[in-house]
Amino acid sequence: MSLLNFLVRRIIYSVFVLLGLSIVIFLIARVMPGDPARMAVGARAPQWVVDRLREQMHLNQPLVVQYGYWLSDAVRGDFGLSLITQRPVTTDIKEFLPASLELVFFSGLLSAVGGIGLGIVSARYKDTWIDNVVRVFSYFGIVTPSFVFAILFILLFGFTLNWLPIIGRVHEQTAVPPLVTGAITVDALLAGQFGTFFDALRHLLLPAISLAMGSIAQEARITRSSMADNLSKDYIASARALGIPERVVMGRFLLKPSLIPTVSILGLDIASTLSVAFLVELIFNWPGLARYGMNAMLHKDLNAISAVILVLGAAFVTVNIIVDIIVAQLDPRIRLSATRSA
Amino acid sequence: MAEEVSTHRGSVASITPEQIKEMERASRRENLGRNWYKFSRNPLSVIGVVTVILLILLATLAPLVAPFPKHAGPFTDFAHAKLPPEWGHLFGTDQIGRDVLSRIIFGLRSSLLMGVVVLALVVPPGVLLGLLAGYFQGMWIEAVIMRITDIFLAVPPLILALAVASVLEPNLWNGMLAVSLMWWPWYTRLVYGLAVALRNEYFVSAAEVTGASTAHILFREILPNTVSPILTKMSLDVAWVIIIGSMLSFVGLGVQPPEPSLGTMIADGARYLPDQWWIAIFPALAIVVVVLGFNLLGDGVRDMFAAQET
């Protein structure tokens, strides 16, 4: 009951945050010099067409009224037409979002497994050469921007070693599975096309690792330091004194509380890969929402820009709520205090 | 000051205000020396400082130290295009014959300028809003400021910065403006948290009951106690601002050609992978060095202040 209570409060608050975000986006889109109606019909259209469109787009009314119209359309899923694709923005988003989610999910998986794994190894072999290698790796992982990783990986794994493909989601000649979820790996498995599945996985690898490197490094560092902190606590000493096997002490007593900070940072990192994906998708020509958004920005396609940011904002807020729930499940102190206050 | 001293009539009555100022200066020098000692105990921090100083020198003295200063501008020399690294061109030349090393050195200018200008634009308003929201906790001022802050923090700063930069004319200054618009909330949130804790301290209550003005309490009582976390955050943020700046120029929303910037150099060079790898790889490594230098420096500053508190 208390969790539900907490959840409802978080969701209501998030809706207000998103409303605020929509105001910010609307203002950004209107700061733009130039006439949106003129841009929509092109420079050669006669003036009366522009005038009629201005009327239709409510551009002659006060800003607040314009925002009201824009918002009521947006809530119903209508963001207008995209200037680049000449299709409803919502259609575009439906088409491009799954590819981005697939990439972000896969990169999140890599960060979780890679980061926590490296952190555990580093803490287990603390102050040996293994630990030092992981720490140096983490430092470089944190300071190197993901687009630099992308370039380095393309050169190394794509060209020099020729191990992995560097462009697109599947090979040109690979049969694309029937569209169900839009994520090719999942669709291929559903259709039983294992060849396509592995091909799609190979294409996912480089962009996903480029995205994940920073957060793998971050997670490794945090897991290591929080395990090292907890290792010197009294409850570990008493568990050992009671003769509980070291494997159980490490795996259950030490790992679980040590993962709490890792999980909260991981959530933030996954959410921010949504934004870094803007560059990585562009580099790998990944047909996702971020590449679509980036192209929209480069072509000043305001309807598409607004919609993409709002969708990503909603995704960001949702991920944060999920992380809060997971952390509450991991940490009995938060769970219990929520019960007591309710 | 003079009044305070005169209450201890006798032994210390002979101290003049000038002498007090001199003593204050001496103690400040001593603190500085102690901080530097703590900071320099970690060799990594010293490497960071040295790197940053070298980078700043390179950037400011670019016309003197770059081997081919003219190559930073609109310059073409197709006879010497795409030369691999060699003695004359340590990092090779790019697709139109410009020396990559010279362009990297000039490219440092916009990166470093970005870091400095954005923080200078962001910290004062961010801190001021944080102080106000924290001190007036529970009043409408806090609600308004912190809810607006939440909205900006609801989306990763890069996305909004890209969006703002894209609707403006693409150039270095608008890029800085875009990043600044998205960066202040982090300072507001930081200072807000500190101010909420500090407003209940006795020295703040004491100032309140003696009738000190709000400005005095905010800037003379609370602000000085938030300086070290703010400085720590600033020194760590320089690196992130530089990364975001390079991302903006990578996608073409920052510095415009022919002016060199590390981001645009990587984007241009990526088209010549893998055969002319040096065009993209050296600027990419340059970004790593810049960010690494500032990060080591930032970690050093953080550890220095952390050591102070214990």
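Fair warning: this is a prediction, and the values are worked out from it, not measured in the lab.

Description of the overall build of chain A
Looking only at helices and strands, one finds 14 helices and zero strands in chain A. Listing the helices and strands of chain A from first to last along the sequence gives α-α-α-α-α-α-α-α-α-α-α-α-α-α. Buried residues in chain A amount to 44% of all 342 residues. Considering only intrachain contacts with a sequence separation of at least 6, the fraction spanning at least 24 residues in chain A is 67%. When the accessible area of chain A is evaluated, it comes to approximately 17,100 Å², of which 67% is carbon and sulfur surface. Across chain A, the 27 positively charged side chains and the 22 negatively charged ones have centroids separated by 6 Å.

Here's the deal with the interface of chain A and chain B
Taken together, the contact pairs 42 residues of chain A with 39 residues of chain B. When chain A packs against chain B, the two sides together hide about 3,600 Å² of surface, and 84% of this comes from carbon and sulfur. Between chain A and chain B we count one salt bridge in total. A salt bridge links Arg 221 of chain A to Asp 299 of chain B; the nearest nitrogen and oxygen atoms lie 3.7 Å apart.

Focus on helix 8 (residues 172–198) of chain B
Residue and element names in this part refer to chain B. In a regular helix each residue adds 1.5 Å, so 27 residues correspond to 39 Å; helix 8 covers 39 Å between its end C-alpha atoms and thus fits that length. At Leu 181, helix 8 is bent by approximately 30°, the largest bend along its length, and proline Pro 185 sits one to four residues beyond. For helix 8, the N-terminal cap is Asn 171; the gap from its side-chain oxygen to the backbone nitrogen of Trp 173 is 3.0 Å.

Comments concerning the packing of helix 5 (residues 100–135) of chain B against helix 6 (residues 140–153) of chain B
Residue and element names in this part refer to chain B. Axis separation between helix 5 and helix 6 bottoms out at 7 Å; the angle between their running directions is 140°. By the angle class used here, helix 5 and helix 6 are oblique. For the element pair helix 5 and helix 6, the recorded crossing hand is left-handed. For the pair helix 5 and helix 6, contact is made by Leu 129, Leu 132 and Ala 133 and by Ile 141, Glu 142, Ile 145 and Met 146, respectively. Residues that form the contact of helix 5 with helix 6 fall into these classes: six nonpolar, no polar and one charged.

Quick look at the confidence of the model for chain A
For chain A, mean pLDDT is 83; residues scoring 70 or higher make up 95% of the total. No element of chain A has a lower mean pLDDT than helix 14 (residues 332–341) of chain A, which averages 61, and none a higher one than helix 5 (residues 89–124) of chain A, which averages 90.

Side note on the packing of aromatic side chains
Each aromatic ring pair is described using two quantities: the centre-to-centre distance and the angle formed by the ring planes. Counted by the stated rule, this structure contains 15 aromatic pairs over all chains. Note on Phe 91 of chain B and Phe 282 of chain B: the rings are 4.1 Å apart at their centroids and 5° apart in plane angle, and the pair reads as stacked. Placement of Phe 91 of chain B in the loop between helix 4 (62–65) and helix 5 and of Phe 282 of chain B in helix 13 (residues 278–309) is noted, with a sequence separation of 191 residues between them. On the accessibility criterion, Phe 282 of chain B (17% relative accessible area) is buried. By the ring-pair criterion, three or more aromatic residues cluster together here, those being Phe 149, Phe 153, Phe 157 and Trp 163 of chain A.

Thoughts on the environment of Val 255 of chain B
Residues and elements named next belong to chain B. On the secondary structure map, Val 255 appears in the loop between helix 11 (227–250) and helix 12 (262–270). Val 255 sits in the buried class, given a relative accessible area of 6%. When near neighbours in sequence (up to four residues on either side) are disregarded, Val 255 contacts Ser 110, Asn 171, Leu 172, Ser 249, Pro 260, Ser 261 and Thr 264.

Structural notes on the pattern of salt bridges
If the charged atoms of two oppositely charged side chains come close together, the side chains can form a pair. Considering all chains together, one arrives at 18 salt bridges over all chains under this definition. Among the ionic pairs, Glu 246 of chain A bridges to Arg 240 of chain A, the shortest N-O distance being 2.8 Å. Among the charged side chains, a network of salt bridges with common partners joins Arg 221 of chain A together with Asp 299, Arg 302 and Asp 303 of chain B.

Structural notes on the packing of helix 11 of chain B against helix 12 of chain B
Axes are the key here: two packed helices are described by the angle between their axes and the distance separating the axes. All names here are of chain B. The interhelical angle for the contact between helix 11 and helix 12, taken along N-to-C directions, is 45°, at an axis separation of 7 Å. Considering their axes alone, helix 11 and helix 12 lie oblique with respect to each other. As for the relative orientation of helix 11 and helix 12, their crossing is right-handed in sense. In this structure, helix 11 uses Ser 246, Ser 249 and Phe 250 to contact helix 12, whose residues at the interface are Gly 263, Thr 264, Ile 266 and Ala 267.

Section: helix 10 (residues 214–222) of chain B
Residue and element names in this part refer to chain B. Along helix 10, the residues classified as buried are Ile 217, Leu 218, Glu 221 and Ile 222. Axial view of helix 10: buried residues confined to an arc of 120°, hence all on one face. Taken together, the buried residues of helix 10 touch helix 5, helix 8 and helix 9 (202–209).

Calculation notes
- Residues numbered from 1 in each chain as written.
- Chains lettered and ligands numbered in written order.
- Predicted model: local features only at pLDDT ≥ 70, side-chain atom pairs only at ≥ 80, totals over all residues.
- Heavy atoms only, no water.
- Helix = DSSP H or I, 4+ residues; strand = E, 2+ residues; numbered from the N terminus.
- Buried < 20%, exposed > 50% of the residue type's maximum accessible area, 1.4 Å probe, protein only.
- Contact = heavy atoms within 4.5 Å.
- Areas by Shrake-Rupley, 256 points an atom, 1.4 Å probe, with all protein chains shown as cover.
- Lys, Arg positive; Asp, Glu negative; His and termini not counted.
- Charge placed at Lys NZ, Arg CZ, Asp CG, Glu CD.
- Buried area = accessible area lost by both parts, 1.4 Å probe.
- Salt bridge = Lys/Arg side-chain N within 4 Å of Asp/Glu carboxyl O.
- Expected span 1.5 Å × (residues − 1).
- Bend = angle between axes of the 7 residues up to and from the residue.
- Polar contact = N/O pair within 3.5 Å; in protein donor to acceptor, adjacent residues only side chain to side chain.
- Axes fitted to C-alpha atoms, helices over the stretch in contact; angles between N-to-C directions.
- Parallel < 35°, antiparallel > 145°, perpendicular 65-115°, else oblique.
- Left-handed = near helix turned anticlockwise from the far one by under 90°.
- Nonpolar A, V, L, I, M, F, W, Y, C, P; charged D, E, K, R; others polar.
- pLDDT = per-residue confidence, 0-100.
- Phe/Tyr/Trp six-rings, centres within 6.5 Å; stacked < 30°, edge-to-face > 60°.
- Arc of directions from axis to C-beta.

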